[in-house]
Amino acid sequence: MVPFLNSTNTIERAEMSAARNPAAGGLRIAVVTPELHRTGGTERGTAEVVERLAREHQICLFAHRWDPDGSTSASLSASANICFHRVPVVPWPGIARFLSFYWMASRAVDAAARQHGGFDVIYSPGPNCRQVEVCTAWFCHARQDELLRSGKLRPGAGSLSDWLRLAHRKIYAAAVTRLERGFYRSSRLRSVVSPAQV
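The present account deals with the structure reproduced in this document. All figures in this text were calculated on a predicted structure; none of them were measured in a lab.

Thoughts on the packing of helix H5 (residues 141-150) against helix H6 (residues 160-185)
Line of reasoning, step 1. One can describe the packing of H5 onto H6 by two numbers: an axis separation of 8 Å at closest approach and a directional angle of 140 degrees. The orientation of H5 relative to H6 falls into the category oblique. Pair H5 / H6 crosses with left-handed handedness. Between H5 and H6, the residues in contact are His 141, Ala 142, Gln 144, Asp 145, Leu 148 and Arg 149 and Leu 166, Arg 169, Lys 170, Tyr 172, Ala 173, Ala 174, Val 176, Thr 177, Glu 180 and Arg 181, respectively.
Line of reasoning, step 2. Looking at the contact of H5 with H6 residue by residue, the classes come out as seven nonpolar, three polar and six charged.

Some points on the nonpolar core
The tendency in soluble globular proteins is for nonpolar side chains to be buried side by side.
Line of reasoning, step 1. Counting residues in hydrophobic clusters, the biggest one holds 20 residues, and the most contacted among them are Val 32, Phe 62, Val 109, Phe 119, Cys 135, Tyr 184 and Leu 189.
Line of reasoning, step 2. No other element matches helix H4 (residues 94-116), which puts four residues into this core.
Line of reasoning, step 3. Counting 18 residues, the second largest nonpolar core, distinct from the first, contains Leu 27, Leu 36, Leu 53 and Tyr 123.

Each value, and the rule that gives it
- Residues numbered from 1 in each chain as written.
- Predicted model: local features only at pLDDT ≥ 70, side-chain atom pairs only at ≥ 80, totals over all residues.
- Heavy atoms only, no water.
- Axes fitted to C-alpha atoms, helices over the stretch in contact; angles between N-to-C directions.
- Helix = DSSP H or I, 4+ residues; strand = E, 2+ residues; numbered from the N terminus.
- Parallel < 35°, antiparallel > 145°, perpendicular 65-115°, else oblique.
- Left-handed = near helix turned anticlockwise from the far one by under 90°.
- Contact = heavy atoms within 4.5 Å.
- Nonpolar A, V, L, I, M, F, W, Y, C, P; charged D, E, K, R; others polar.
- Core = buried A, V, L, I, M, F, W, Y, C linked by side-chain atoms within 4.5 Å.
- Buried < 20%, exposed > 50% of the residue type's maximum accessible area, 1.4 Å probe, protein only.

Here it is in structure tokens:
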């Protein structure tokens, strides 16, 4: 398992590599996330990370949805350094949405790397594609699965619709937990950043 590391370790190593090649003009960072906006917890945290990175580096954003925040001059200038690659997904149910994004984002990152000569770092807020090297652990699907199995996170199911929703949540949590465990054991993953380190 990859230890939780300071987020700057991998970025600093890549910056030292880029410094040896001054023509590069900063890092080329792939960011892979299903959605990037400022209304959700993970999405808002990731938007902050991306905005700060985009001030000095070229960002290739692979997402299904991106709502650039143009309310500040800082975010406007940061958006100029962001190249958006829209990733298609199967919209419903949630498990199909997650797995289709994972598969399509992995293909899109491969295609962009071949076309543009690779990336210095591939970052994601969790297991969103197979090539991730640095991730932020905003959420733990294994913990959600554990709580669902224990009954502590089980909403009352009064109708057939409620029972179907609960069944979907259980299937989703169990499937994504398996993928998540493999993701955190991957030899590609160099750094896992806890939210406290961001």
